[in-house]
Structures are given as C-alpha cells and as structure tokens.
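Breakdown of the fold
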Amino acid sequence: MKALRPALPLLLGLVLWQGAVWLWQVPSFILPGPVRVAAALVDNAGLIAGHAAVTGLEVALGLGLGAVLGWLSAVALALSPAARGAIGPILVFTQAVPVFALAPILTLWFGYGLGSKVAMALLIIYFPVTSSFLDALLQTPAPWLAQARVMGGGGWRQMWYLRIPAALPGFLSGLKLAAVYAPIGAVIGEWVGASRGLGYLMLLANGRAKTDLMFAALVVLAVLAIALHRAVDHLAAAALRRRFG
Amino acid sequence: MPRAWPGPYGQRAGVDRTDPPCILRPENGPVGPDRRAPPGLRLRGRARVGAQTLFGPLDLAVAPGRWTCLLGPSGVGKSTFLHLLAGIADGISFAGDLGAADGAPLAGRVALMAQADMLLPWLTARDNLLIGARLRGETPDTRAAEAMLERVGLSGMAARKPRALSGGQRQRVALARTLIEDRPVVLLDEPFSALDIATRVRMQDLAAALLRGRTILHVTHDPAEAARLGDHILLLTHRGLTELAPPRAPAPRPPDAPETLEATGALTRHLLACECQPAAAPSAEGLT
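Structure report, in brief. Throughout this description, residue numbers start from 1 for each chain and increase along the sequence as written. Whichever chain is written first becomes A and whichever ligand is written first becomes 1, with later ones labelled in order. Local features are withheld for residues below a pLDDT of 70 in this predicted model, meaning they are given only at 70 or higher, and side-chain atom pairs are given and counted only at 80 or more; totals for whole chains, interfaces and linings count all residues.

Some remarks on the sheet that holds strand β2 (residues 52-62) of chain B
Residue and element names in this part refer to chain B. Within the open sheet, the three strands sit side by side as β2-β1-β4. Their pairing is antiparallel. The two strands at the open ends of the sheet, each matched to only one other strand, are β2 and β4 (93-100). Averaged over all neighbouring strand pairs, the angle between strand axes comes to 10°, with direction disregarded. Should DSSP find at least two bridges between two strands, the strands are taken to pair. Put simply, DSSP marks the helices as runs of H or I at least four residues long and the strands as runs of E at least two long, and each gets a number from the N terminus on. Pairing geometry for strand β1 (residues 41-49) and β2, over eight bridges, is antiparallel. By the bridge assignment for β2, Val49 is matched with Gln52. Residue pairs are scored as contacts if the distance between their C-beta atoms, which are placed from the backbone, is within 7 Å. The axes are straight lines fitted to the C-alpha atoms, using for helices just the contacting stretch, and the angles between their N-to-C directions are given from 0 to 180°. Packed on one face of the sheet, helix α1 (residues 78-86) meets β1, β2 and β4 and runs near 110° to β1.

Okay, here's the thing in structure tokens:
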C-alpha cells in the first residue's frame, strides 16, 4: 500500500484527464486521452525506443563530459584567484545567455548529429557543476586548512588530499542538478535541428497532428529524466555514505 | 653525546629511530641550533583584530622541554597565543616579537592539537595519521601509523572512520596524529575540554606520558587540568600574565591527591578573583 501512495495522485490525474476528454469531446489531435496515448506508446514502441536511445546517449555523454569539465574547471579556478577573477564573469555569461539562443549556432558548428546535442547538454550543466563544486572547494573548514598549514602541506597536495575530498558533497549536489538539466539541453538541441531523438520525434509528430504520439514521446522523455535524476541521486547518496560512513 | 632532554620523544613504537648523520648536532661544529631539540618559546608584544586589542602588551616565555599550562577565562586571547606561534593567526595583527628562543624559525617544528579533533571524516583513523606525510609529499608509513594507534590504545581500530569512533577515541586519534608528526613543540588548545571527566583524566595521563620531553604550551580554562599537568602554570587575565606555583609533585599528578586539589582550589580562586573585575573595555594602559 505504501509503495502505491505516490502513484495515487498520478492515477487520479489520469482519471481526470480521461474524464475531461470524454466529457467535452476534445478532438484527439488537440488533446488525446491517456488511453489513446498509451495505445500510441504500444503501437510505436520500437520507433520511440530507437529515438529514446539516441536522446539517452546524448544526455549521458553531455552529463559525463560536463561533469569532467566542470570538475576540472572548478579545481583550476579554486587553485588560482587570478583565474577566478578573469573567468568567473565568463562562467556567469554562459549561464545568462539562454541556451535556446545558442542552439542554432551550435547546430551550425557541430552538425545535425550527436555533437550539437551533447554540446548543448554540456553547456547547460557546466555552470551548475562548476559553480557548486567551486563554492565547496572555497569553503574548506578553516581549522582543517590551519592544521594542514601547521603540518607543512600546501599547493596542489592540499587541494588533492584535503580540499577536493572535503568538497565532494558540493560536487555531488551540482551533479544532481545537472542530471535534471541535461535532458532539457539535449531536447532543445533536437528541436532546433536533428534527424533523431525524442525531441525530433515530438516535433515531427506535432507537425503531422499525431498528438497521441507526441504525448507518448513526452511520457517516455519524462520517465527517462526522472529515472536519470533518481539514479544520480542514489549514486550520490551511496558515494557520500562510502566516503564518510 | 646524549641528548639534552629526556623522554619518549622521537622513539616510535616498533620503529628504530636511528639518528641521521646530522650536521646540526653540536659535536659536528657550531652550525646553529639543533632543529630536533625542543626549543623554548617567547612571545612579547600585543595583538589586535582591527582596532580591538586582543591582548598585550604581554611577555610570555615557555621553558624548553617543559609542560606549560596557560590558564585563563574565555576571551582573553589564550588561543590567539597558540595561533600566533603556529603561524595560523589570520586577520590578527601582532606587533612585537615571537618565535623559538633558539632563534631558528618555528615553522616545521610545531604540532597543534585542538578541542575539536579536526579529523578528516572521509579518512580512516590510519589515514588521518598519515595526512601530514601526504600533504608534505613524504612516503606515508602505514606500519608506523598502526603502531602509533596501538600506543594510544586504539589497536584494531585503524580502519575505522571518525564517525565510527567515540569522542574520546577520536581525541586519541588526534593525539596519535600529533605524535606521529613528531615535532619538538606541541601546542595544545583545550584538547580535553569536551570529554567526560573519566575520559579526560585518562587522556591527560596518556598525553602526559607520550608528550613529555617536548616543549608543550597547553591552553586550558580548567584549573584542575593545569594543576595536574603543568610544570609551569601561567594565568592570563584581562590584567595580564602571572606565573603561579604548580604543586610540588611531578606531573601528571593524581587528580584526587590533596596537593592537586589544593592547587586546583588556589587556581580557581585566582580565576574567580579576575572574573570580578569588569571585563568590559580593557584599555591598553590597564593591561600592562
């Protein structure tokens, strides 16, 4: 019963949705009911799965690359106050410019394929990863740093043995945010120009008034994003337990 | 030629400490002070944070190879003394003269042990002992770390992380870390004040046994602790620094011996007397 409790509001929502569709006789190209969406999902399972795999790959690559790049940037910025002064504003700029605005140019640069979508996902998660890890790196508890100074360690060793491990929770919270943002980046990329992926499929289905297929793709995208979020959450919690337990 | 000071300093359990062919040893010629011998400490001057005087002008001298307790109420700048000597007093401007009495720099000759154990929560007890070596880029000696944990009574706990240790056990790890650093000067900043009384007494005995022979400056607000451990006892109040006579028995003294209790009482009276003075707005003149 307990396991079902989170599903209850969802179930209620579906019932209301189906009820509204029946009651007002909404044409299915405007708003298909959940039953029809489910049917579309089953009918087009192979098609949707193929596109979902592409989107999943884009998201995974973007997330992986973004995490690595964000990690490296944060450590470099933490080591050098001069770099923080020079690059900090640029970092904020990457976040201030709407990614939608950059999508066309990224498509131009990296092509219609995987590259531009990975770049998109990477761009959108780079800032949260870098900034939350950098914040954590700059907030190593002062007594630990003092103790390290008395012991006689400094520079990159202090970074490696003290500040980076101490900042792990900050890095992980950036990663958790990134897991939510990365699918958005990939889908925006697919909207702007693609031949594969769930975003492309949704656009295609929408254009042909196959609204039920559009919703089916949307459902799969949502499930994908939630699964990714959950997975990263669990991994982060497990990493913290292993580290500090 | 025997060393000028006695005690367990330098002798790690299970590790034969053979002296390196040291050019700093006295028989090899007058090449300056031996950096391994515990030096005396001196601190003369005043310290401020911004426009506010923390202490001073004061003149503190710590005898080499002895245990000096610096007793005083909270807020008189006791810990600032330690931070200045350890070279970690950020944001404090000190005017005067401080360092080792032998004239050589103190950096690299000091270990610090504080009230908070300052163990790194992601490292095992063993690795917490080795963090100093890692930070300095030396080869960490796992065997020596385990032997040191055994000496402080934590055999079999080398693989535990701080969260899996009690407060007293964590302070033992911190003591072992202080010992493995093997520095001639050890600064103690109320290291036992968060422990319950039985654990505290046991920790005091252990620290006294293992640290003896080094130059110890031990900041505390507990008169009983000063009466137990101090070879010298200094009282720091808003009015300045006073040297008080320790009990005659050699430290560590039993906590319940009449002489220790009497000294505790006398020290407590001193603390009460200085607490009666209005602590507000101590002017620079009033502190001399």
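Topic: the interface of chain A and chain B
Counting residues at the interface gives 17 residues for chain A, matched by 22 residues for chain B. If you list the elements that add at least two residues to the side of chain A that touches chain B, you get α7 (142-151), α8 (155-166) and α11 (211-244) of chain A. Per element, the largest residue contribution to the side of chain A that touches chain B is eight residues, and it comes from α7 of chain A. Classes in brief: Ala, Val, Leu, Ile, Met, Phe, Trp, Tyr, Cys and Pro nonpolar; Asp, Glu, Lys and Arg charged; the others, Gly included, polar. Class assignment for the residues of the side of chain A that touches chain B results in nine nonpolar, five polar and three charged.

Here we look at the packing of helix α9 (residues 168-192) of chain A against α11 of chain A
Residues and elements named next belong to chain A. With their axes 10 Å apart at the nearest point, α9 and α11 run at an angle of 170° to one another. By the angle between their directions, the pair α9 and α11 is classed as roughly antiparallel. For the pair α9 and α11, the sense of crossing is right-handed. Where α9 approaches α11, its residues Leu168, Pro169, Leu172, Leu175, Lys176, Ala179, Val180, Pro183 and Val187 are matched on the opposing element by Leu221, Leu224, Ala225, Leu228, His229, Val232, Asp233, Ala236, Ala239, Leu240 and Arg243. Residue composition of the contact of α9 with α11, by class: 16 nonpolar, one polar and three charged. Angular relationships are summarised with four words: roughly parallel below 35 degrees, roughly antiparallel beyond 145, roughly perpendicular across 65 to 115, and oblique for the angles in between. Helix crossings fall into two classes, left-handed where the near helix is turned counterclockwise from the far one by less than a right angle and right-handed where it is turned clockwise.

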